[in-house]
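# Observations on the three-dimensional arrangement
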Amino acid sequence: MAPEQTYQNNNEDTWRLFRIMAEFVEGFETLSKIGPCVTIFGSARTPKTHKFYKMAVETARLAIKNGFGVITGGGPGIMEAANKGAAMENGRSVGLNIQLPYEQLPNPFVKVALNFRHFFCRKVMFLKYTSAVIIMPGGYGTMDEMFETLTLIQTQKVGSLPLVLMGTDYWKGLTDWLENTMLKYKYIVEEDLSLMKITDDPLEAIEYINKCEGSKKVTANFV
């Protein structure tokens, strides 16, 4: 590699570092003041008529009524449903949008919006400033968010962080595989299966979060 090309690459990396720092600073400054929240993950592809969309709306409404704000990825589908439920109760409705090759515009129910270029910066904001995580049905992105949250809880890199999966039929195949394959091969232990609550009932989900120790904390207390 020519010296001038090396210099150019290093210069680009330096400016990238400043952009990353800027995303963290803006996120910290904004979300540290937002109060206790619940982060709700789920598919952008969920239509408004689907039962999971309606489930997300009701879950978010109950979260607001119980003193939480709602944080989502800010886009359509489940994210829109959760922000809509929060807005219906005039609650804190946060959207952490991501720049993608195809444009994802913030949904109209977001009251506090942050835009991210880097997924890893956005992930930190999802989990650092949340009191609990609710996972609705979704695709690869949702799976990534679910397993990253599980890993942080399992390895005790966060303090007490309630994790709820909603949509029992959707998650059954995965939870069966965790129990019958991953546990069988001893890549997890029995206690790891109890790190998540599975339900279809929005009220049960929020009651479970309320019962967990420190549920109204403002941050997840990363270690």
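The following refers to the structure shown. This structure is a prediction, so every number in the text was calculated from the model and none was measured.

Another point: the nonpolar core. Inside soluble globular proteins, nonpolar side chains tend to come together where they are buried. Judged by nonpolar contacts, the single largest core of 33 residues is most densely connected at Leu-31, Leu-96, Phe-116, Val-133, Ile-135, Met-146 and Leu-163. Excluding residues within four positions of it along the chain, Leu-31 makes contact with Val-94, Leu-96, Leu-114, Met-125 and Tyr-129. Listed in part, the 25 residues of the second largest apolar core include Tyr-53, Val-57, Ala-81 and Met-136.

Turning next to the packing of helix H4 (residues 119-128) against helix H5 (residues 140-154). Orientation of H4 relative to H5, taken along the N-to-C sense of each, is 60°, at an axis distance of 12 Å. Taken together, the axes of H4 and H5 are oblique relative to one another. Pair H4 / H5 crosses with right-handed handedness. Across the interface between the two elements, Arg-122, Lys-123, Phe-126 and Leu-127 from H4 touch Asp-144, Glu-145, Glu-148, Thr-149 and Leu-152 from H5. The residue makeup of the contact of H4 with H5, split by class, is three nonpolar, one polar and five charged.

Here we come to H5. With 15 residues, H5 extends 21 Å between its outermost C-alpha atoms, agreeing within 8% with the 21 Å of an ideal straight helix rising 1.5 Å per residue. Buried residues of H5: Thr-142, Glu-145, Met-146, Thr-149, Leu-150, Leu-152 and Ile-153, and no others. Down the axis of H5, the buried set is contained in an arc of 165°. They therefore lie on one face. Lining the buried residues of H5 we find strand E1 (37-41), H4, strand E5 (132-135), strand E6 (163-166) and helix H6 (168-182). Phi turns positive, to about 60°, at Gln-156, one or two residues after H5.

Before going further, it helps to examine the pattern of salt bridges. By the definition in use, this model includes eight salt bridges. Among the ionic pairs, Arg-61 bridges to Glu-58, the shortest N-O distance being 2.9 Å. Of this pair, Arg-61 and Glu-58 both sit in helix H2 (residues 51-65), three residues apart, which is roughly one turn of that helix. For Arg-61, a relative accessible area of 19% puts it in the buried group. Residue classification places Glu-58 among the partly exposed positions, given a relative accessible area of 31%. Salt bridges here are not isolated pairs; linked through shared partners, they connect Glu-58, Arg-61 and Glu-89.

What counts, and at which threshold
Residues numbered from 1 in each chain as written. Predicted model: local features only at pLDDT ≥ 70, side-chain atom pairs only at ≥ 80, totals over all residues. Heavy atoms only, no water. Core = buried A, V, L, I, M, F, W, Y, C linked by side-chain atoms within 4.5 Å. Buried < 20%, exposed > 50% of the residue type's maximum accessible area, 1.4 Å probe, protein only. Contact = heavy atoms within 4.5 Å. Axes fitted to C-alpha atoms, helices over the stretch in contact; angles between N-to-C directions. Helix = DSSP H or I, 4+ residues; strand = E, 2+ residues; numbered from the N terminus. Parallel < 35°, antiparallel > 145°, perpendicular 65-115°, else oblique. Left-handed = near helix turned anticlockwise from the far one by under 90°. Nonpolar A, V, L, I, M, F, W, Y, C, P; charged D, E, K, R; others polar. Expected span 1.5 Å × (residues − 1). Arc of directions from axis to C-beta. Salt bridge = Lys/Arg side-chain N within 4 Å of Asp/Glu carboxyl O.

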